[in-house]
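For reference, the chains in residue letters:
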Amino acid sequence: MIEIIPAIDLIAGKAVRLRQGDFAQQTVYSDNPLRIAQQFEDVGLERLHIVDLDGARSGNVANLSVLEEIAANTDLTIDFGGGIKTREDAVSVFNAGAKILTIGSVAVKEPQEFELWLTEFGGERVLLGADVKNGKVAINGWQTTTNLEPVPFLRQWLDKGLIQAFCTDVGRDGLLEGAATALYRQIHSELPDLRLIASGGVSQIGDLNELESTGCSAVIVGKAIYEGRISFKEIKDYLKNAG
């Protein structure tokens, strides 16, 4: 069974989704992210991926109050990212109730800082985001494409204590056209010890079986749930059958 991790992307305290990471193409799904999180918990999901899109764009964590509210009113294991640049930011996110930091840009721009966080907090409490755009790692909320290739980038951190990472193919995100299975197979074949989480492109419950075959341990799902392509009943049945 592959673990389903639902996503809540935040702009101005509201749950939204972007199309291919484009802030100009956003859909607001709810002004009550807590209610959505509680629905996820009610069907049996145990983890939640929160992205502070305001933070990712501005470089400053912006939606801590939403994190605090969800953490205080659910038992979900929350990973939170977007705008985390300093150790103080990281501590504030933990203090607000997140169990796991989601880090992307810092690992590229401030690798020594990121290595310190891995050492201090431990691999179980750090989730590296290696978002891929045209075959290269993208940072700053997907707005900047680097020259880094995903496998060597992930390998260097795996060697330094990283345990888990998620990889989004930006070109597929929000399009509901299927996940980047070839990319995940490549990463898993070269880095079998990495706990790899798929993200982006999932359009139906059947995609989960294909993703499981790639070696991914979990999948982040957002738009497919919000658009009704994957129903809460299907999630419930999937968890029941897997159990």
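Residues numbered from 1 in each chain as written. Predicted model: local features only at pLDDT ≥ 70, side-chain atom pairs only at ≥ 80, totals over all residues. Heavy atoms only, no water.

1. Details of the packing of helix α4 (residues 87-95) against helix α6 (residues 111-121)
Turning to step 1, where the next piece is worked out: Relative orientation of the contacting elements α4 and α6 amounts to 35°, with a least axis distance of 11 Å. Considering how the two elements wind past one another, α4 and α6 form a crossing that is right-handed. Along the contact surface, α4 presents Arg87, Ala90, Val91 and Phe94, while α6 presents Glu113, Trp117, Glu120 and Phe121.
Turning to step 2, where the next piece is worked out: Tallied by class, the residues present in the contact of α4 with α6 amount to five nonpolar, no polar and three charged. (Axes fitted to C-alpha atoms, helices over the stretch in contact; angles between N-to-C directions. Helix = DSSP H or I, 4+ residues; strand = E, 2+ residues; numbered from the N terminus. Left-handed = near helix turned anticlockwise from the far one by under 90°. Contact = heavy atoms within 4.5 Å. Nonpolar A, V, L, I, M, F, W, Y, C, P; charged D, E, K, R; others polar.)

2. Details of the packing of helix α1 (residues 33-42) against helix α3 (residues 64-73)
When two helices pack together, their arrangement is given by the angle between the helix axes and by the axis-to-axis distance.
Turning to step 1, where the next piece is worked out: For the pair α1 and α3, interaxial distance at closest approach is 9 Å and the crossing angle is 35°. Where α1 crosses over α3, the handedness of that crossing is right-handed. Residues Pro33, Leu34, Ala37, Gln38 and Glu41 of α1 pack against Val66, Glu69, Ile70 and Asn73 of α3.
Turning to step 2, where the next piece is worked out: Classifying every residue of the contact of α1 with α3 by side-chain character gives five nonpolar, two polar and two charged.

3. What to know about the nonpolar core
Turning to step 1, where the next piece is worked out: In this structure, Ile8, Leu48, Ile70, Phe114, Leu128, Tyr184 and Ile187 are the most contacted members of the largest nonpolar core, which totals 68 residues.
Turning to step 2, where the next piece is worked out: Filtering out sequence-adjacent residues up to four positions away, Ile187 remains in contact with Val151, Leu154, Cys167, Leu194 and Leu196.
Turning to step 3, where the next piece is worked out: Counting residues in each nonpolar core, the second largest holds eight residues, with Ile5, Phe166, Ala218 and Ile220 among its members. (Core = buried A, V, L, I, M, F, W, Y, C linked by side-chain atoms within 4.5 Å. Buried < 20%, exposed > 50% of the residue type's maximum accessible area, 1.4 Å probe, protein only.)

4. So, the pattern of salt bridges
Turning to step 1, where the next piece is worked out: Evaluated as defined, the whole model comprises eight salt bridges.
Turning to step 2, where the next piece is worked out: Close ionic contact of Asp9 with Arg17 constitutes a salt bridge, the shortest N to O distance being 2.7 Å.
Turning to step 3, where the next piece is worked out: Taking the shortest distance from any N to any O, the salt bridge between Arg87 and Glu120 comes out at 2.6 Å. Of the two residues, Arg87 sits in helix α4 while Glu120 sits in helix α6, which places them 33 residues apart along the sequence.
Turning to step 4, where the next piece is worked out: The exposure class of Arg87 is partly exposed, given its relative accessible area of 36%.
Turning to step 5, where the next piece is worked out: Given a relative accessible area of 41%, Glu120 falls into the partly exposed group. (Salt bridge = Lys/Arg side-chain N within 4 Å of Asp/Glu carboxyl O.)

5. Observations concerning the pairing of strand β13 (residues 218-221)
Turning to step 1, where the next piece is worked out: Burial of β13 is two-sided: the residues Ala218 and Ile220 facing one way and the residues Val219 and Val221 facing the other way are all buried.
Turning to step 2, where the next piece is worked out: With four bridges joining them, strand β1 (residues 3-11) and β13 adopt parallel strand pairing. Bridged to Glu3 within β13 is Ala218.
Turning to step 3, where the next piece is worked out: Across three bridges, the pairing between strand β12 (residues 195-199) and β13 is parallel. Each residue of the ladder has a partner; that of Ser199, found in β13, is Ile220.
Turning to step 4, where the next piece is worked out: Note that the unit made of β12, helix α9 (residues 207-213) and β13 has a crossover that is right-handed. (Pairing = 2+ DSSP bridges. Right-handed = clockwise from strand over helix to strand, strands pointing away.)

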